[in-house]
Amino acid sequence: MERASFDQAELPVWHAPERARNDDRTNPLDLGESRLGIIVSALSHALDLSTGQPVGHSVRACLLGMRMAEEIGLSDETRTDLFYALLLKDCGCSANASTLFHALGSDELKAKHDVKITDLTNFGRETLEYVLTHVGRGKSFLERCRLLVRLALRQKRHSWEVTKIRCERGATMARLMGLGSATAAGILALDEHWDGRGLPDGLRGDKIPLFSRIMLLAQTIEVFRAAGGGRSWLDVVRKRKGTWFEPDLVKACESLEKRGALWRGAEGNAAFETVLTMEPRPRRLERGLRGFDAICLAFSQIVDAKSPFTFNHSLGVANAAVAIGQTLGMPAERTIFLRQAALLHDLGKLSVSNSILEKPGKLDATEWAAMRRHPFYTWKILNAIPGFGEMSNVAASHHEKLDGSGYFRGLTGEKLPREARILVVADIYDALTAKRPYRDSLPRERVFDILKKDAPHAIDAECVAALDEADVDSSQQFVDLDILLTRLRSFQSSAAPIHLDRVSPG
Ligand SMILES: [Fe+2]
Ligand SMILES: [Fe+2]
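Residues numbered from 1 in each chain as written. Chains lettered and ligands numbered in written order. Predicted model: local features only at pLDDT ≥ 70, side-chain atom pairs only at ≥ 80, totals over all residues. Heavy atoms only, no water.

## Brief notes about the overall build of the protein
(1) Moving on: On a plain count of helices and strands, the protein comes out with 24 helices and zero strands.
(2) Moving on: Counting contacts in the protein only where the partners sit at least 6 residues apart, residues at least 24 apart contribute 73% of the total.
(3) Moving on: Accessible surface for the protein amounts to roughly 20500 Å². Of this, 53% is attributable to carbon and sulfur atoms. (Helix = DSSP H or I, 4+ residues; strand = E, 2+ residues; numbered from the N terminus. Contact = heavy atoms within 4.5 Å. Areas by Shrake-Rupley, 256 points an atom, 1.4 Å probe, with all protein chains shown as cover.)

Right, here's the structure in full:
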């Protein structure tokens, strides 16, 4: 029986496709046949959340960029690398969320949304409006003045910093996912402008990688179409021709638009289907499980980078979940499934502003509603991938409680499989052992007091006991990205079957 402890009316309308099929395999980890493009397209919806853009933005930008690439005659091989660069262009975005939030003192997601439709390269009306709209919104007059002065003094340096963090992190994530160097280089230079006034390196003209030039134009067209509708984007593109954008690319766009070809198949849910037809040489996940693990690790880092308070949270939950699974004698493949669900469990948190995630005090009703929506987003994002029905359900159940008092569905015990129960306990454990904006990290004894108080009515007592017995080493919860990359390389260079101890980062 489902008891709604959460007002389902609080759930947002999801405009992205519902692609889950009733084709869950017996072993959902059997991803050998899975297409990388489908998985990355679906996960790009999480990146849209992290930039405050409508869900589907990355997919539509990809579609536009691929049309331009065809128009200018890029080869199949080049377009295959471009395809992933376009889908993942925003995978560094979460890394500057906290910096941006502290600089503005207000909701960084709204600021991120608006920055894409504002020309900040010249100080003028647009810049002033942007600053006055976003800096210190909702704060006292004095606090706003303080933030404005601080930002004015550091404006150039600040813009450079947030752009550099975003671009470098994005390129690193693409490499971590095993994508080509051209893909990473394209993401690295996404914010460079044709006239050399972009960031972070002020590259000019054809010194900017072609991928970056295409990506900037594609994303700008998409956001202006979404914001202004119709052909409003065309005025912006023409106005910025030669400053932001390469003139020849603008010409290619105009030609596509004239023939009615630019937006073909881009409307609503069709975009997800259309974009998949535009990958010239569809790629399969590299060596199935290993390839998917790299994707999970990268996305867990994208989620965790959002706030210093959740740094390594997803990995910590994965470690604790694996420890519980192993102690309970779970088969290796199921334990890996659990680890991957754990790595992806908070994907939906990218939808929550840092003004909520890092709030030192109590959340108000609206803020709580936003927090309680995040597993819903996790579910929707993963559920769009064929064969991921079980993973989406397990990952999105991490705030459910056996007595039905959890969210977002208010499921009761009989609806929560063992993997979901483990995730619930692992998530609470990692949250309590980490520092939060409103409290310090708690010692182990105190953590288990709290867990045991909630068992067995709300959380699974067997899972709590297994976690206690496993005695997870807190040092396991830190995995440096370089170490991770070295480990991934060693996985890839080995033909031996995967064992848990080689997949687990502990
Ligand atoms: Fe969560
Ligand atoms: Fe979590």
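## Brief notes about the environment of G92
(1) Moving on: Within the secondary structure layout, G92 lies in the loop between α3 (76–87) and α4 (97–104).
(2) Moving on: Separated by 76 residues in sequence, G92 and E168 place their C-alpha atoms 7.1 Å apart.
(3) Moving on: Not counting residues up to four positions away in its chain, the partners in contact with G92 are R166, R169 and G170.

## Focus: the coordination of the iron ion (ligand 2)
Working reference: metal with six octahedral donors, ideal angles 90 or 180 degrees; metal with four tetrahedral donors, ideal angle 109.5 degrees.
(1) Moving on: Within the first shell, the iron ion (ligand 2) binds the protein through H313 (NE2), H345 (NE2), D346 (OD) and D427 (OD), at distances of 2.1 to 2.3 Å.
(2) Moving on: Geometry at the iron ion (ligand 2) is irregular, judged from its four donor atoms and the angles of 83 to 172° they form at the metal.
(3) Moving on: Spacing between the donor residues of the iron ion (ligand 2) along their common chain follows H-x31-H-D-x80-D.
(4) Moving on: In this model, the iron ion (ligand 2) sits 3.4 Å from the iron ion (ligand 1), the two metals being bridged by D346. Highlighted residues: H313 in helix α14 (residues 313–327) and D346 in the loop between α15 (332–344) and α16 (354–357), separated in sequence by 33 residues. (Donors = N, O, S within 2.8 Å, 3.2 Å for Na, K, Ca; no water. Tetrahedral: all angles 85-135°; square planar, octahedral: opposite > 155°, others 65-115°.)

## Things to note about the coordination of the iron ion (ligand 1)
(1) Moving on: Taken together, the protein donors to the iron ion (ligand 1) comprise D346 (OD), H374 (NE2), H398 (NE2) and H399 (NE2), at separations of 2.1 to 2.3 Å.
(2) Moving on: Taken together, the four donor atoms coordinating the iron ion (ligand 1) and their angles of 83 to 170° define a geometry best described as irregular.
(3) Moving on: Between the donor residues of the iron ion (ligand 1), the gaps in sequence give the motif D-x27-H-x23-H-H.

## Here we look at the pattern of salt bridges
(1) Moving on: Counted by the stated rule, this structure contains 22 salt bridges.
(2) Moving on: The shortest N-O distance in the salt bridge between E367 and K359 comes to 2.8 Å.
(3) Moving on: A salt bridge links K452 to D468; its shortest N-O distance comes to 2.9 Å. Placement of the pair is K452 in helix α21 (residues 444–454) and D468 in helix α22 (residues 461–470), with a sequence separation of 16 residues.
(4) Moving on: Shared partners join several salt bridges into a network, and the residues in it are K89, D90, R166 and D191. (Salt bridge = Lys/Arg side-chain N within 4 Å of Asp/Glu carboxyl O.)

## Quick look at the packing of helix α1 (residues 36–50) against helix α2 (residues 57–71)
(1) Moving on: One way to put it is that α1 packs onto α2 with a least axis distance of 7 Å and a crossing angle of 120°. Contacts between α1 and α2 involve S41, S44, H45 and D48 on the former and, on the latter, H57, S58 and V59. (Axes fitted to C-alpha atoms, helices over the stretch in contact; angles between N-to-C directions.)

## Looking at unusual backbone geometry
Leaving glycine out, the prevailing phi sign among residues is negative, and the prevailing peptide bond configuration is trans.
(1) Moving on: Here the residue pair Y407 and F408 is connected by a cis peptide bond, since its omega of 15° sits within 30 degrees of zero.
(2) Moving on: With respect to the element layout, F408 can be found in the loop between α19 (389–395) and α20 (418–433).
(3) Moving on: Note the cis peptide between A455 and P456, where omega equals 5°.
(4) Moving on: Among the secondary structure elements, P456 is positioned in the loop between α21 and α22.
(5) Moving on: Of note in the backbone geometry, N312 takes a positive phi value of approximately 70° without being a glycine.
(6) Moving on: Considering the arrangement of structural elements, one finds N312 in the loop between α13 (289–304) and α14.

## With respect to the environment of E445
(1) Moving on: Mapping E445 onto the fold places it in helix α21.
(2) Moving on: Between the C-alpha atom of E445 and that of D468, which follows or precedes it by 23 residues, the distance is 9.9 Å.

## What about the confidence of the model for the protein?
(1) Moving on: In this model, the protein carries an average pLDDT of 82, and 75% of its residues clear a pLDDT of 70 or more.
(2) Moving on: Here residues 20–33 is a poorly scored stretch, pLDDT under 50, and it has 29 contacts once near neighbours within four places are set aside; other chains count.
(3) Moving on: Long-range and interchain partners of residues 475–506, a stretch whose pLDDT sits below 50, account for 62 contacts in this model, where long-range means more than four residues apart. (pLDDT = per-residue confidence, 0-100.)

## What to know about the packing of aromatic side chains
(1) Moving on: A complete count under the given rule lists nine aromatic pairs for this structure.
(2) Moving on: Ring centres 6.0 Å apart and planes at 55° place the aromatic pair Y429 and F448 in the tilted group. Of the two residues, Y429 sits in helix α20 while F448 sits in helix α21, which places them 19 residues apart along the sequence. You'll find Y429 and F448 in the same group, each marked buried.
(3) Moving on: Connected via pairs of aromatic rings, a cluster forms that spans F376, Y377, W379 and F408. (Phe/Tyr/Trp six-rings, centres within 6.5 Å; stacked < 30°, edge-to-face > 60°. Buried < 20%, exposed > 50% of the residue type's maximum accessible area, 1.4 Å probe, protein only.)

## Looking at the side chain of D430
(1) Moving on: One can find D430 in helix α20.
(2) Moving on: Classification of D430 as buried rests on a relative accessible area of 3%.
(3) Moving on: In this structure the side chain of D430 is engaged in a polar contact, spanning 2.7 Å, whose partner is the side chain of H313. (Polar contact = N/O pair within 3.5 Å; in protein donor to acceptor, adjacent residues only side chain to side chain.)

## Here's the deal with helix α17 (residues 365–372)
(1) Moving on: Listed as buried for α17 are E367, A369, A370, M371 and R372.
(2) Moving on: Those residues of α17 that are buried are in contact with α16 and α18 (374–383).
(3) Moving on: One side-chain oxygen at the N-terminal end of α17 lies 3.1 Å from the backbone nitrogen of T366; it belongs to D364.

## Notes on α1
(1) Moving on: Taking 1.5 Å per residue as the helical rise, α1 with its 15 residues ought to reach 21 Å, and the 21 Å between its terminal C-alpha atoms agrees with that figure.
(2) Moving on: Taking burial as the measure, the 15 residues of α1 include 15 buried ones, the bulk of the element.
(3) Moving on: Positioned one or two residues after α1, G52 has a phi angle of 70°, which is positive. (Expected span 1.5 Å × (residues − 1).)

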